[in-house]
Amino acid sequence: MGLTLAEKIIKAHLVNGEMTKGTDIGIRIDQTLTQDATGTMAYLEFEAMGIDRVRTERSVAYIDHNTLQTGFENADDHRFIQTVCKKHGIYFSRPGNGICHQVHLERFGIPGKTLIGSDSHTPTGGGIGMLAIGAGGLDVAVAMGGGEYYITMPKIVNVELKGELQENVSAKDIILEVLRIMSVKGGVGKIIEYTGEGIKTLTVPQRATITNMGAELGATTSIFPSDENTLEFLKAQDRADAYTELKADDDAEYDEHIVIDLSTLKPLAACPHSPDAVKSVEELEGMVVNQVCIGSCTNSSYTDLMKVAHILKGKTVADGVSLAIAPGSKQVLNMLAQNGALSDLIDAGARILESACGPCIGMGQSPNSKGVSLRTFNRNFLGRSGTKDAEIYLVSPEVAAVSALTGMMTDPRKFADGYKVDMPEHFLINDNMIIEPASVDEMDKIEVLRGPNIKEFPKTTALSENISASCSLKVEDNITTDHIMPAGAKILPLRSNIPAISEYCFTVCDSEFPKRAKELGSSIIVGGSNYGQGSSREHAALAPLYLGVKAVLVKSFARIHRANLINAGIIPLEFADENDYNNIDLGDNLYIENIRGQIETGNGITIINKSKNVEIKTNCALTERQKDIILAGGLLNYTMSK
Ligand code: MIC
Ligand code: SF4
């Protein structure tokens, strides 16, 4: 039987386990990336491991999230990351150089290599045929130290693309269609592999839009073959030597098969507050729009913005609309500047932002009260924009641009005029904003500079014999990491200060939670299905850890968050019978006897709800390695003991 492309890359990197679906495997990691909001923690963890020099082929740190700098915190963190990188062998992409995923695709991505990044949209690299996976900071720190990365051997879903997109229907509409079909939890435990005649019509930036937003499916990653379009892209980035042709075997077998006919696809939008609440733009047409934001790691490529510039050229943004545009990288912004397209954007009334995440993570540009905002981004979770009652719709750059002109949701096919953006033969290349690490001889001379906001990684102890805890919070299905550990301009600067950031934990759902959890001392959180979807932020595990949370008991977990809980030493439990969700209430006294023994035996864990006098059976499927991590009190303790 032949192999899928993902299986081929896994096979070439397998260091532990066997490629049996559903079992744990350890893979060798060639490249890592971090961004600044998760990076400070990742490098503190790397330092704690006491390894001098990264052992990957390439590790890169990007500054792109915390760029608002309303106080000293972000700038101090940037300086810490810059110096730590210089010392330990990591390339440093300076603020202003662009969003990690966009820049990594342009300058570092290599087909067939493995990449993990402390950001959930790392699968963007699947657009050039990398096996690129989002992970928690600790996993990235371990990989930088040469350790393997553990995942559950995923099922492989084949999405076969047929035909060609109509004018002004775009790659964003393809991934929105996949989200409509599969939902935000449909990808858990799966890799999405794109094949079919239709992929030949898609450029690397278009493919990267699709693999990027595959994160919203909950998938382990998404991947396209590496073919002539990949070569064309790499050549234009002066990196033709990075190219290898890669594709699935003709007789590869997939676990699921989905066919999408590109020629019949229509412009789509994800409605508030979930990326899978997809409707056609036709259905929403005429809805008044207050704000339009174009950018983010999903849709800020040169070709996306050239299309936007063409639509806006010579026109003016509607009276009631504020239009913000953040080009994805310095390369993109500078190319627009040199060919005059930037002038078209400015002239039409766009507010040009720096090349960074910006409004996507609530770093400015929050909409007005109850405002309708169309965004080319990938997430529209409640409150993420910074305005809790705003209505965020996720759309393509084409929908965004035409709607900015009309002031209402508009189908861009009405604006079709035959214009097609050509892929540039040469991108503008200048890597002067990427700082190389010091040589091995020089590294000892580098002093790592730490600001007062940088506090140590919370220390943990080995797991106790019994757990006596109260239910400190009960939440519903589809809780995102933006609920657990909100971001935004006010809270993000505290990412390197766990005691301070913990004060905001779960405050979107319940403003009393941090205080209550601290008072209880030892507690358990209860939740529904797909708990922890969204970001890779390990702060969504570290803050609960700091507040005394010992276990999280839910109907089901999202992949990265579950791994982060284990890494933090918090026990991830799933109801054996989902009806037992109704047998626990806020404040109930819960008791787990001989928790260490129950974990070691691996037959599930029984919780006694003393307040209701009932026994609740839970599943806790841990691999031997994960058991050891939990028993040791987290991955850092476990790694250091080895
Ligand atoms: C996001 O899009 O939610 C983020 C901000 O990029 C996160 C990382 C973080 O929380 O720092 C992600 O996607 O992993
Ligand atoms: Fe940045 Fe938004 Fe992409 Fe996250 S999703 S990396 S915040 S642009």
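All of these numbers come straight from a predicted model, not from anything done at the bench. (Residues numbered from 1 in each chain as written. Chains lettered and ligands numbered in written order. Predicted model: local features only at pLDDT ≥ 70, side-chain atom pairs only at ≥ 80, totals over all residues. Heavy atoms only, no water.)

Engineer: Hey, could you run me through the overall build of the chain in this one?
Structural biologist: Broken down by element type, the chain carries 22 helices and 27 strands. For 642 residues, the compact-globule estimate of 2.2 N^0.38 gives 26 Å, and the C-alpha radius of gyration of the chain, at 24 Å, lies within 12% of that figure. Dimensions of the chain, computed from C-alpha atoms along their principal axes, come out at roughly 70 × 60 × 55 Å. By sequence separation, contacts in the chain at least 24 residues apart represent 77% of the contacts at least 6 residues apart. Summed over its atoms, the accessible surface of the chain is roughly 22300 Å², and 47% of this surface lies on carbon and sulfur atoms. Across the chain, the 61 positively charged side chains and the 81 negatively charged ones have centroids separated by 3 Å. (Helix = DSSP H or I, 4+ residues; strand = E, 2+ residues; numbered from the N terminus. Rg over C-alpha atoms; globule rule 2.2 N^0.38 Å. Contact = heavy atoms within 4.5 Å. Areas by Shrake-Rupley, 256 points an atom, 1.4 Å probe, with all protein chains shown as cover. Lys, Arg positive; Asp, Glu negative; His and termini not counted. Charge placed at Lys NZ, Arg CZ, Asp CG, Glu CD.)

Engineer: Help me understand the layout of surface pockets in this model?
Structural biologist: The gaps left among the atoms become clear once a water-sized probe is rolled over them. In this model, the largest pocket occupies a volume close to 870 Å³. For the largest pocket, the lining is made up of 40 residues, of which Thr152, Val188, Arg559, Arg562 and Gln626 are closest to its centre. Mapped by element, the contributors of at least two residues to the lining of the largest pocket are α5 (137–144), β8 (149–152), α19 (559–568), β24 (571–575) and α21 (624–632). At 6 residues, α19 tops the list of elements feeding residues into the lining of the largest pocket. Broken down by class, the residue content of the lining of the largest pocket amounts to 17 nonpolar, 11 polar and 12 charged. Within this model, the second largest pocket holds a volume of roughly 670 Å³. Around the second largest pocket, the lining comprises 28 residues; the ones closest to its centre are Val169, Thr201, Gln206, Lys420 and Val421. Of all the elements, helix α10 (residues 302–312) adds the most residues to the lining of the second largest pocket, at 3 residues. (1 Å grid on protein atoms, 1.4 Å probe; cavity = no way out; pocket = protein on both sides within 12 Å on 5 of 7 lines; lining within 4 Å. Points joined across faces, edges and corners; volume = space filled by probe spheres on them. Nonpolar A, V, L, I, M, F, W, Y, C, P; charged D, E, K, R; others polar.)

Engineer: Would you explain the site of ligand 1 in this entry?
Structural biologist: Of all residues adjacent to ligand 1, which total 14 residues, the nearest are Asp119, Ser120, Arg495, Ser536 and Arg537. Side-chain polar atom of Asp119 to an oxygen atom of ligand 1: 2.7 Å apart, as the coordinates give it. The separation between an oxygen atom of ligand 1 and a polar side-chain atom of Ser120 is 2.5 Å. Considered on its own, ligand 1 offers 340 Å² of accessible surface; in the complex 97% of this is hidden by protein. The cavity where ligand 1 resides is the largest cavity. Of the residues assigned to the shell around ligand 1, the class counts are 2 nonpolar, 7 polar and 5 charged. (Near = heavy atom within 4 Å. Polar contact = N/O pair within 3.5 Å; in protein donor to acceptor, adjacent residues only side chain to side chain. Sits in = over half its atoms within 2 Å of the grid points.)

Engineer: How do you make sense of the site of ligand 2 when you look at a structure like this?
Structural biologist: Ligand 2 sits among His65, His101, Asp119, His121, Ser296, Cys297, Cys357, Cys360, Ile361, Asn378 and Arg384. When atom positions are compared with the pocket grids, ligand 2 is found to occupy the largest cavity. Taken together, the residues of the shell around ligand 2 break down into 4 nonpolar, 5 polar and 2 charged.

Engineer: What am I meant to see in the pattern of salt bridges here?
Structural biologist: In a structure, side chains of opposite charge can pair up when their charged atoms sit close to one another. Tallied over the entire structure, the rule returns 31 salt bridges. The partner of Glu7 in a salt bridge is Lys21, with the nearest N and O atoms 3.2 Å apart. Taken together, the residues Glu7 in helix α1 (residues 5–13) and Lys21 in the loop between β1 (14–16) and β2 (24–27) connect sequence positions 14 residues apart. Residues Asp255 and Lys21 are paired through a salt bridge, measuring 3.1 Å at the closest nitrogen-oxygen approach. On the criterion of sequence distance, the pair formed by Asp255 in the loop between α8 (228–236) and β12 (256–261) and Lys21 in the loop between β1 and β2 is long-range, its members being 234 residues apart. With a relative accessible area of 37%, Asp255 lands in the partly exposed category. Because the salt bridges share partners, they merge into one network encompassing Lys266, Glu282, Asp411 and Arg413. (Salt bridge = Lys/Arg side-chain N within 4 Å of Asp/Glu carboxyl O. Buried < 20%, exposed > 50% of the residue type's maximum accessible area, 1.4 Å probe, protein only.)

Engineer: Help me understand helix α12 (residues 341–348) in this model?
Structural biologist: Along an α-helix, residues three or four positions apart point the same way, because every turn accommodates 3.6 residues. Restricting attention to buried positions, one finds in α12 the residues Ala341, Leu342, Asp344, Leu345 and Ala348. Buried positions in α12, seen along its axis, are confined to an arc of 160 degrees and lie on one side of it. Next to the buried residues of α12 lie α10, β16 (322–325), α11 (330–339) and β17 (351–352). Of the residues flanking the end of α12, it is Gly349, one or two places downstream, whose phi is positive at about 110 degrees. (Arc of directions from axis to C-beta.)

Engineer: What am I meant to see in the sheet that holds strand β4 (residues 58–62) here?
Structural biologist: Backbone hydrogen bonds are what pair the strands of a sheet, in a parallel or an antiparallel way. On the basis of which strands lie adjacent, the open sheet formed by 6 strands has the order β7-β6-β3-β4-β5-β20 and mixed pairing. Edge positions in the sheet fall to β7 (131–134) and β20 (434–435), since each has one partner strand and no second. Judged from the 4 bridges that link them, strand β6 (residues 114–117) and β7 form a sheet pairing that is parallel. Note on β7: the bridge partner recorded for Gly117 is Gly134. Across the sheet, helix α4 (residues 100–107) lies against β3 (31–34), β4 and β6, angled at about 150 degrees from β3, the strand it touches most. (Pairing = 2+ DSSP bridges. Axes fitted to C-alpha atoms, helices over the stretch in contact; angles between N-to-C directions.)

Engineer: Can you walk me through the nonpolar core in this structure?
Structural biologist: Nonpolar side chains in soluble globular proteins tend to be buried together. Membership of the largest hydrophobic core comes to 98 residues, with the highest contact counts inside it found for Phe506, Tyr531 and Ile571. In terms of residues, this core owes the most to one element, α5, which gives 6 residues. Those residues within four positions of Tyr531 in sequence are excluded, and the remaining contacts are Val475, Ile479, Ile484, Phe506, Ile525, Val552, Val554, Ser556, Phe557, Ala558 and His561. Counting 59 residues, the second-largest nonpolar core is a separate cluster that includes Phe233, Ala269, Leu305 and Ala401. (Core = buried A, V, L, I, M, F, W, Y, C linked by side-chain atoms within 4.5 Å.)

Engineer: Looking at this structure, I do not really get the packing of aromatic side chains. What am I missing?
Structural biologist: What describes a pair of aromatic rings is the distance from one ring centre to the other and the angle between the planes of the rings. Throughout the structure, instances matching the rule amount to 7 aromatic pairs. With centroids separated by 4.7 Å and ring planes inclined at 5 degrees, the aromatic side chains of Tyr194 and Phe224 adopt a geometry described as stacked. Of this pair, Tyr194 sits in strand β10 (residues 190–195) while Phe224 sits in the loop between β11 (221–223) and α8, placing them 30 residues apart in sequence. Classification of Phe224 by relative accessible area gives buried; the value is 0%. Aromatic pair Phe506 and Phe513: ring centres 5.5 Å apart, planes at 80 degrees, arrangement edge-to-face. Accessibility expressed as a relative area gives 0% for Phe513, which makes it buried. Connected via pairs of aromatic rings, a cluster forms that spans Phe233, Tyr302 and Phe427. Above the face of the Tyr91 ring, Arg58 is positioned so that its terminal group lies 4.4 Å from the ring centre. (Phe/Tyr/Trp six-rings, centres within 6.5 Å; stacked < 30°, edge-to-face > 60°. Lys NZ or Arg CZ within 6 Å of the ring centre and 35° of its normal.)

Engineer: What is the right way to read the sheet that holds β24 from this model?
Structural biologist: Overall, mixed pairing links the 7 strands, which are arranged β21-β22-β23-β24-β27-β26-β25 in a closed barrel. Averaged over neighbouring strand pairs, the angle between their axes works out to 35 degrees when direction is ignored.

These figures capture arrangement, not role.
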